[in-house]
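Letter by letter, the chains look like this.
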Amino acid sequence: MTRTDGYLLDNRQAEARQRFDAFAPLFDPTTFRHIERFGIGSGWRCWEVGAGGTSVVSWLAKKVGPTGRVLATDIDTSWVASVARPPVEVRVHDVAAEEPPGDGFDLVHARLVLAQVPDRERALRSMVRALRPGGRLLVEDADLSLQPHLCPDEHGPEQQLANRLRKGYRHLLTERGADLSYGRTLPRLLREAGLRRVEADAYFPVSSAACAALETATARQIRDELVAAGRATDQDIDRHLANVAAGTMDLATAPMVSAWGRKA
């Protein structure tokens, strides 16, 4: 994930790996389904923006083969660096502040990135500019305002605590400039960027082991920030982590909106 100095979920923290490991079973099937529909194959040139983890990059590398190219960029490449071998190139790059790292790409993809970068408009323009004519852009981002709860079925004190902590998390994100309604705007933004045949859908996991793993890593990663902001106590977070570990709550994520289009 791309970050700024004030980014809440820093890739340098140990919990980042756990979050990436949870993202793969939660969101990879959706991402891969869309890219498969584009007809990805041998020789494709792909740019994975804000790569963070390795699952998408590794899958793209298998699809494009030795004659293709997968450029994986992020501000912090510490986790994705392990797959830096042909056809994968890993490069430190800030999509919101630097020029595109090349052009002529058949596919540009960003997942759970743009809502939290400081200049989303510039980042999107950069990604469109990097496409070849006819190339595809796929942007996937969460919309925490569409579904703000960790437990949509708030029927007891455990769920109430979980949702109170999720409210604190949303507050911290907003303080750092994140757009919690960004996902729903993606179809319009892609059309305004000049892309054609724009479509979108959304994926909303309601309960799974991966949701619980993601919540555990997230709660541990932001606990100091929540406590410092007066949004929770250490005892609150310890109790919540124990509730998650008990496996008795149905934990959801925000809907992930996927939007795609083709460059003229």
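Scroll up for the structure.
Owing to the predicted nature of the structure, the values given are computational and were not obtained by experimental measurement.

Caption draft 1: Molecular detail of the packing of helix α6 (residues 209–228) against helix α7 (residues 234–246). At a closest axis distance of 10 Å, the pairing of α6 and α7 adopts a crossing angle of 180°. Relative to α7, α6 is oriented roughly antiparallel. Two secondary-structure elements touch here, α6 through A212, E215, T216, A219, R220, R223, L226 and V227 and α7 through D234, I237, D238, H240, L241 and V244. Each residue belonging to the contact of α6 with α7 can be placed in one class, and the counts come to seven nonpolar, two polar and five charged.

Caption draft 2: Examining the pairing of strand β5 (residues 131–142) more closely. A large share of β5 lies buried, amounting to 10 of its 12 residues. Bridge analysis of strand β4 (residues 105–111) against β5 gives six bridges, and the strand direction is parallel. Across the sheet, H109 pairs through a bridge with L138, a residue of β5. Between the parallel elements β4 and β5, the chain passes through helix α3 (residues 120–129) in a crossover that is right-handed. Bridge count between β5 and strand β7 (residues 256–262): seven bridges; the pairing is antiparallel. Within β7, the position partnered with R136 by the bridge is R262.

Caption draft 3: Broad picture of the sheet that holds strand β1 (residues 45–49). The strand order β3-β2-β1-β4-β5-β7-β6 describes an open sheet built from seven strands, whose pairing is mixed. The two strands at the open ends of the sheet, each matched to only one other strand, are β3 (88–92) and β6 (196–203). When strand polarity is set aside, the average angle formed by the axes of neighbouring strands in this sheet is 15°. Here β1 runs beside β4; their pairing, made up of four bridges, is parallel. Residue W47 lies in a different strand from β4, and its bridge partner there is V108. Contacts from helix α1 (residues 15–37) reach β4, β5, β6 and β7, with the element oriented near 20° to β7. Across the sheet, helix α5 (residues 182–192) is in contact with β5, β6 and β7; its angle to β5 comes to roughly 165°.

Caption draft 4: Here's a closer look at the pattern of salt bridges. Enumeration over the complete set of coordinates arrives at 17 salt bridges. In this structure, the salt-bridge partner of D106 is R132, at a minimum N-O distance of 2.4 Å. Highlighted residues: D106 in strand β4 and R132 in strand β5, separated in sequence by 26 residues. Taking the relative accessible area as the measure of exposure, R132 reaches 29% and is therefore partly exposed. With its nearest N and O atoms 3.3 Å apart, the salt bridge here joins R125 to E121. With R125 and E121 both in helix α3 and four residues apart, the pair spans about one turn of that helix.

Caption draft 5: Inspection of α7 at higher detail. Compared with an ideal rise of 1.5 Å per residue, which puts 13 residues at 18 Å, α7 spans 18 Å between its outermost C-alpha atoms and is within 8% of the ideal. Buried within α7 are the following residues: D236, I237, H240, L241, N243 and V244. Projection of α7 onto a plane perpendicular to its axis shows the buried side chains occupying an angular sector of 160°, all on one side. Those residues of α7 that are exposed and aimed more than 90 degrees away from the buried face are Q235, A245 and A246. Contact partners of the buried residues in α7: α4 (157–175) and α6.

Caption draft 6: Expanded view of the environment of A229. Along the chain, A229 falls in the loop between α6 and α7. Judged by its relative accessible area of 39%, A229 is partly exposed. Residues A229 and T216 lie 13 residues apart in sequence; the distance between their C-alpha atoms is 20 Å.

Caption draft 7: Broad picture of the nonpolar core. With 38 residues, the main nonpolar core has L8, L144, Y169, L173 and L251 as its most contacted residues. Not counting the four nearest positions on each side in its chain, Y169 is found in contact with L8, L9, L144, T218, I222 and L226. Of all hydrophobic cores here, the second largest spans 27 residues; its members include V49, A115, L124 and L195.

Caption draft 8: Structural view of the packing of aromatic side chains. As enumerated under the stated definition, the model contains five aromatic pairs in all. Residues F20 and F23 carry aromatic rings whose centres are separated by 6.4 Å and whose planes lie at 50° to one another, so their mutual orientation is tilted. Here F20 pairs with F23, and both are found in helix α1, just three residues apart, close to one helical turn. For the residue pair F20 and F23, the accessibility class agrees, reading buried in each case. Note on W47 and F105: the rings are 5.9 Å apart at their centroids and 35° apart in plane angle, and the pair reads as tilted. With W47 in strand β1 and F105 in strand β4, this residue pair connects regions lying 58 residues apart in the sequence. For W47, a relative accessible area of 0% puts it in the buried group. Ring pairs connect the aromatic residues F20, F23, F27 and Y203, which therefore count as one cluster. The ring of F105 has R45 sitting right over it, with the charged end atom 5.0 Å from the ring centre. R120 extends its terminal NZ or CZ atom over the ring of Y182, reaching a point 5.9 Å from the ring centre.

Cut-offs applied
Residues numbered from 1 in each chain as written. Predicted model: local features only at pLDDT ≥ 70, side-chain atom pairs only at ≥ 80, totals over all residues. Heavy atoms only, no water. Axes fitted to C-alpha atoms, helices over the stretch in contact; angles between N-to-C directions. Helix = DSSP H or I, 4+ residues; strand = E, 2+ residues; numbered from the N terminus. Parallel < 35°, antiparallel > 145°, perpendicular 65-115°, else oblique. Contact = heavy atoms within 4.5 Å. Nonpolar A, V, L, I, M, F, W, Y, C, P; charged D, E, K, R; others polar. Buried < 20%, exposed > 50% of the residue type's maximum accessible area, 1.4 Å probe, protein only. Pairing = 2+ DSSP bridges. Right-handed = clockwise from strand over helix to strand, strands pointing away. Salt bridge = Lys/Arg side-chain N within 4 Å of Asp/Glu carboxyl O. Expected span 1.5 Å × (residues − 1). Arc of directions from axis to C-beta. Core = buried A, V, L, I, M, F, W, Y, C linked by side-chain atoms within 4.5 Å. Phe/Tyr/Trp six-rings, centres within 6.5 Å; stacked < 30°, edge-to-face > 60°. Lys NZ or Arg CZ within 6 Å of the ring centre and 35° of its normal.

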